[in-house]
Amino acid sequence: MLREWFDPEKTPTVGRTPDYRFSLANERTFLAWIRTGLALIAGGLACAQFLPPLPITFLREGLAIALLLLGSVVALRAVDHWARTERAMRLGEELPGSKFPAILAMVVALGALLLIITVLINAAKE
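Everything numeric in this text was worked out from a predicted model, so none of it was measured.

The rules behind these values
- In this numbering scheme, every chain counts its residues from 1 along its sequence in written order.
- In keeping with the model being predicted, local features are shown solely for residues with a pLDDT of at least 70 and side-chain atom pairs are shown and tallied solely at 80 or more, while totals for entire chains, interfaces and linings include all residues.
- Computation of side-chain values covers all heavy atoms of the structure but excludes hydrogens and water.
- Every helix listed is a DSSP run of H or I at least four residues long, and every strand listed is a run of E at least two residues long, numbered separately from the N terminus.
- For the exposure calls, accessible area comes from a 1.4 Å probe over protein chains only, and a residue counts as buried if that area is under 20% of its type's maximum, exposed if over 50%, partly exposed in between.
- Contacts described as polar in this section are N or O atom pairs within 3.5 Å, which, within protein, must combine one atom able to donate a hydrogen with one able to accept it, while residues neighboring in sequence count only if both atoms come from side chains.
- What makes two residues a contact is simply this: any of their non-hydrogen atoms within 4.5 Å.
- Whether two aromatic rings pair depends on their centres lying within 6.5 Å, for rings of Phe, Tyr and Trp, where Trp uses its six-membered ring; planes under 30 degrees apart make the pair stacked, over 60 edge-to-face, and the rest tilted.
- Residue count minus one, scaled by 1.5 Å, sets the expected span of a helix.
- Throughout this description, the term salt bridge denotes a Lys or Arg side-chain nitrogen within 4 Å of a carboxyl oxygen of Asp or Glu.

## Focus on the side chain of Thr85
Phase 1: Tracing the chain through its elements places Thr85 in helix H3 (residues 59–91).
Phase 2: Residue Thr85 is classed as buried on the basis of its relative accessible area of 7%.
Phase 3: Here the side chain of Thr85 touches His81 through a polar contact of 2.8 Å, landing on its backbone oxygen.
Phase 4: In this structure Thr85 touches Asn26, Leu95 and Pro96, once residues within four positions along its chain are discounted.

Below, the structure is given as structure tokens:
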């Protein structure tokens, strides 16, 4: 699996070359996921550097670490999905399905809910 990530020249030896439009669409999807990962990492760094201390102990640091970890997972998942999709296209197989977008959406929504609760707690104290 890792060899497919770092040695794409070996991929053409498997199956037949797909229509270049599909390969380019797969690459655009990969780049969109990379942008998402970078945005999560930037958000984590912003939390660590610019958020004031929050009313719940270590919430700021926990949020920053969670965003940084999530960004790295998104980036790794992006390259894995790209490689699996490219291989499936070359072999004429069904494209791989993924639960990852739903899981990512749930994690982001849960984080947003936690922040909403924190904001409300902070507003009630003032």
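## Looking at the packing of aromatic side chains
Phase 1: All told, the structure shown has two aromatic pairs when counted by the stated rule.
Phase 2: Measuring from ring centre to ring centre gives 6.4 Å for Phe30 and Trp82, while their planes differ by 50 degrees; the resulting arrangement is tilted. Here the residue Phe30 occupies a position in helix H2 (residues 20–50), and Trp82 occupies one in helix H3, the gap between them amounting to 52 residues.
Phase 3: Ring plane angle 55 degrees and centroid distance 5.7 Å describe the contact between Trp33 and Phe100, whose orientation is recorded as tilted. Taken together, the residues span a long stretch of sequence, with Trp33 in helix H2 and Phe100 in helix H4 (residues 100–125) at a distance of 67 residues.
Phase 4: For Trp33, a relative accessible area of 22% gives the class partly exposed.

## Points about the environment of Arg84
Phase 1: Its location among the elements puts Arg84 in helix H3.
Phase 2: Overall, Arg84 belongs to the partly exposed group, its relative accessible area being 32%.
Phase 3: Spatially, the C-alpha atom of Arg84 lies 8.0 Å from that of Leu95, the residues being 11 residues apart in sequence.
Phase 4: Sequence-distant contacts of Arg84, that is, excluding residues within four places in its chain, are made with Arg77, Pro96 and Gly97.

## Some thoughts on H2
Phase 1: Taking 1.5 Å as the rise per residue, H2 with 31 residues should run 45 Å; its terminal C-alpha atoms sit 44 Å apart, in good agreement.
Phase 2: Along H2, the residues that are buried comprise Ser23, Asn26, Gly37, Leu40, Gly44 and Cys47.
Phase 3: Close packing links the buried residues of H2 with H3 and H4.

## Focus on the pattern of salt bridges
Phase 1: In this structure the tally under the stated criterion is five salt bridges.
Phase 2: Notably, a salt bridge pairs Asp19 with Arg21, separated by 2.4 Å at the nearest N-O pair.
Phase 3: One continuous salt-bridge network, built from bridges that share partners, spans Arg77, Asp80 and Arg84.

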